[in-house]
Amino acid sequence: NLYNSYHQEKINIPIDGQFNDKVNDSIKEILTELNKKKLHLRHLIRKSGTEPLIRILVEGSNKIEVRNEIAILATQVKKILNE
């Protein structure tokens, strides 16, 4: 099999204020930890280039784990934005 399909979940979180260095650094810390602990999942958190949003993407072979992981990430990012 040349291609393995993975489950994918995406969430967009609106940004009310500025996307500052503190927010960016906090998001980088989350991604660094996830990349060490959860190698079987792919995580992407980035600021949209066209809209005032933070885009979150999680991919993995287990659909339930992907859904749980994106819910946790969305909560973490919302917490960072509200600090």
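Please read all numbers here as calculations on a predicted model, not as lab measurements.

1. Thoughts on the pattern of salt bridges
Consideration 1: Going through the model one piece at a time under the given rule, you end up with 6 salt bridges.
Consideration 2: Residue Glu69 is joined to Lys38 by a salt bridge in which the shortest nitrogen-to-oxygen separation is 2.7 Å. A residue pair is termed long-range when its members are at least 10 positions apart, and Glu69 in helix α2 (residues 63-81) and Lys38 in the loop between α1 (21-37) and β2 (42-47) qualify at 31 residues.
Consideration 3: Given the relative accessible area of 4%, Glu69 is considered buried.
Consideration 4: Taking the relative accessible area as the measure of exposure, Lys38 reaches 27% and is therefore partly exposed.
Consideration 5: What you see here is one network of salt bridges that share partners, running through Glu33, Lys36 and Lys37.

2. Comments concerning the pairing of strand β3 (residues 53-60)
Consideration 1: With 8 of 8 residues buried, β3 lies mostly within the body of the structure.
Consideration 2: Burial along β3 is two-sided: the face carrying Leu53, Arg55, Leu57 and Glu59 and the face carrying Ile54, Ile56, Val58 and Gly60 are both buried.
Consideration 3: Alignment of strand β1 (residues 7-14) against β3, held across 8 bridges, turns out to be antiparallel. The partner of Ile11 across the bridge, within β3, is Ile56.
Consideration 4: Where β2 and β3 come together, 6 bridges link them in antiparallel fashion. Paired with Ile45 across the two strands is Ile56, which belongs to β3.

Scoring rules and cut-offs
- Going along each chain's sequence as written, the residues are numbered from 1 onward.
- Thresholds applied to this predicted model are a pLDDT of at least 70 for local features of residues and 80 or more for the giving and counting of side-chain atom pairs; totals over whole chains, interfaces and linings are not thresholded and use all residues.
- Computation of side-chain values covers all heavy atoms of the structure but excludes hydrogens and water.
- Definition used for salt bridges: Asp or Glu carboxyl oxygen within 4 Å of a side-chain nitrogen of Lys or Arg.
- Numbering of helices and strands starts at the N terminus; helices are DSSP runs of H or I of at least 4 residues and strands are runs of E of at least 2.
- Note on classification: 1.4 Å probe, protein chains only; a residue is buried when its accessible area is under 20% of the maximum for its type, exposed when over 50%, partly exposed between these limits.
- We treat two strands as partners when DSSP finds at least two bridges between them.

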